[in-house]
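# Architecture and fold: a report
One letter stands for each residue in the lines below.
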Amino acid sequence: NAGVMQNPRHLVRRRGQEARLRCSPMKGHSHVYWYRQLPEEGLKFMVYLQKENIIDESGMPKERFSAEFPKEGPSILRIQQVVRGDSAAYFCASSPPYRTQGETQYFGPGTRLLVL
Amino acid sequence: AQSVTQLDSQVPVFEEAPVELRCNYSSSVSVYLFWYVQYPNQGLQLLLKYLSGSTLVKGINGFEAEFNKSQTSFHLRKPSVHISDTAEYFCAVSDNPNDYKLSFGAGTTVTVRA
């Protein structure tokens, strides 16, 4: 039973380029969460998605960042015109379809983004 | 939003010795508390969680944690560590109504030496 998959594991971009991070949830899971970890800090919530719906994007920066979870295929976190401050580890998590209070989130290994 | 403080960034410990990792959070009416572990090149794995009930929670791999509401703490303990417990440990908190929004501490790196 494969866990949460993220790719690429490492991504290097120059300032101004676009970064696309992909997340495939665990089999049978329909809720996806994205978190960002800046150096020396804890993971910070960015966005919560269900299939074809953004439920809560209160942690997403207002500009350049977007996320989607289409009916088919992985969830995508897209960062346009990257800047050095976007360098971080981006983690994806998923949970089963019928959420309960305090539901466990299952995390992927993360994508390390480095902006030169 | 909750804030979570892990008081120790690095904890070196000898094999078979006990270890305690400290976690404090900002107060709230009701909280859900989690400890995750991250082994090198892997995702975060849930060790244990507190939702309600008994304040002593037992998790996988011999770990346990105690919820202390008055001190807003959720410290993680293991009585005897193994080399394989070398990893980074994260404390996380969420509260109602948006319990899916986990707030994490900065992590504690545990290095177990023979």
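Look up a bit, the structure's there.
Predicted, not measured: the structure shown is a model, and the values here were computed from it.

### Focus: the interface of chain B and chain A
- Between chain B and chain A, the contact holds 20 residues from the first and 24 residues from the second.
- Here chain B packs against chain A, burying approximately 1700 Å² in sum over the two surfaces, 51% of which is carbon and sulfur.
- Three residues stand out in chain B for area buried against chain A, namely Leu44(B), Tyr100(B) and Phe104(B), and they jointly supply 33% of the buried area on that side.
- Close ionic contact of Lys101(B) with Asp56(A) constitutes a salt bridge, the shortest N to O distance being 3.3 Å.
- There are 10 residue pairs in polar contact (both at pLDDT 80 or more) connecting chain B and chain A.
- Looking at the side of chain B that touches chain A, the elements with two or more residues in it are β5 (31–38) and β6 (44–50) of chain B.

### Observations regarding the nonpolar core
- One finds Trp35(B), Leu48(B), Phe74(B), Leu76(B) and Tyr89(B) to be the most contacted residues of the largest nonpolar core, which totals 28 residues.
- Excluding anything up to four places from it in sequence, Leu76(B) contacts Val19(B), Glu20(B), Leu21(B), Trp35(B), Leu47(B), Leu48(B), Phe63(B), Glu64(B), Ala65(B) and Tyr89(B).

### Quick notes on the environment of Arg99(A)
- Its place among the elements puts Arg99(A) in the loop between β9 (88–95) and β10 (106–107).
- Separated by 69 residues in sequence, Arg99(A) and Ser30(A) have C-alpha atoms that sit 9.8 Å apart.
- Dropping the residues within four chain positions of it, Arg99(A) is found in contact with His31(A), Tyr33(A), Tyr48(A), Asp99(B) and Tyr100(B).

### A look at the pattern of salt bridges
Residue and element names in this part refer to chain A.
- Taken as a whole and assessed by the stated rule, the structure comprises 10 salt bridges over all chains.
- A salt bridge links Glu18 to Arg20; the nearest nitrogen and oxygen atoms lie 3.7 Å apart.
- Here the residues in one salt-bridge network are Glu18, Arg20 and Arg78, joined through shared partners.

### Re unusual backbone geometry
- The linkage connecting Asn7(A) with the following residue, Pro8(A), adopts the cis geometry, with an omega of -5°.
- Mapped onto the elements, Pro8(A) comes out in the loop between β1 (5–7) and β2 (10–13).
- Of note in the backbone geometry, Glu52(A) takes a positive phi value of approximately 65° without being a glycine.
- With respect to the element layout, Glu52(A) can be found in the loop between β5 (43–50) and β6 (53–56).
- The exposure class of Glu52(A) is exposed, given its relative accessible area of 58%.
- Its identity as a non-glycine residue notwithstanding, Asn61(B) has a phi of 60°, on the positive side.
- Relative to the elements of secondary structure, Asn61(B) occurs in the loop between β7 (56–58) and β8 (64–68).
- Take Asn61(B): its relative accessible area is 42%, and that puts it in the partly exposed class.

### Notes on the packing of aromatic side chains
- Here the structure, examined in full by the defined rule, presents 13 aromatic pairs over all chains.
- For the pair Phe45(A) and Tyr100(B), a centre-to-centre distance of 6.0 Å together with 50° between the ring planes defines the contact as tilted. Pair noted here: Phe45(A) is in strand β5 and Tyr100(B) is in the loop between β10 (87–95) and β11 (103–104), and the two residues belong to different chains. Here Phe45(A) and Tyr100(B) have matching classes, each one buried.
- Between Phe107(A) and Tyr36(B), the aromatic rings sit 5.2 Å apart at their centres with planes inclined by 80°, giving edge-to-face as the arrangement. Linking Phe107(A) in strand β10 with Tyr36(B) in strand β5, this pair reaches from one chain into another. Just as Phe107(A) is buried, Tyr36(B) falls in that class too.

The rules behind these values
- Residues numbered from 1 in each chain as written.
- Chains lettered and ligands numbered in written order.
- Predicted model: local features only at pLDDT ≥ 70, side-chain atom pairs only at ≥ 80, totals over all residues.
- Heavy atoms only, no water.
- Contact = heavy atoms within 4.5 Å.
- Buried area = accessible area lost by both parts, 1.4 Å probe.
- Salt bridge = Lys/Arg side-chain N within 4 Å of Asp/Glu carboxyl O.
- Polar contact = N/O pair within 3.5 Å; in protein donor to acceptor, adjacent residues only side chain to side chain.
- Helix = DSSP H or I, 4+ residues; strand = E, 2+ residues; numbered from the N terminus.
- Core = buried A, V, L, I, M, F, W, Y, C linked by side-chain atoms within 4.5 Å.
- Buried < 20%, exposed > 50% of the residue type's maximum accessible area, 1.4 Å probe, protein only.
- Phe/Tyr/Trp six-rings, centres within 6.5 Å; stacked < 30°, edge-to-face > 60°.

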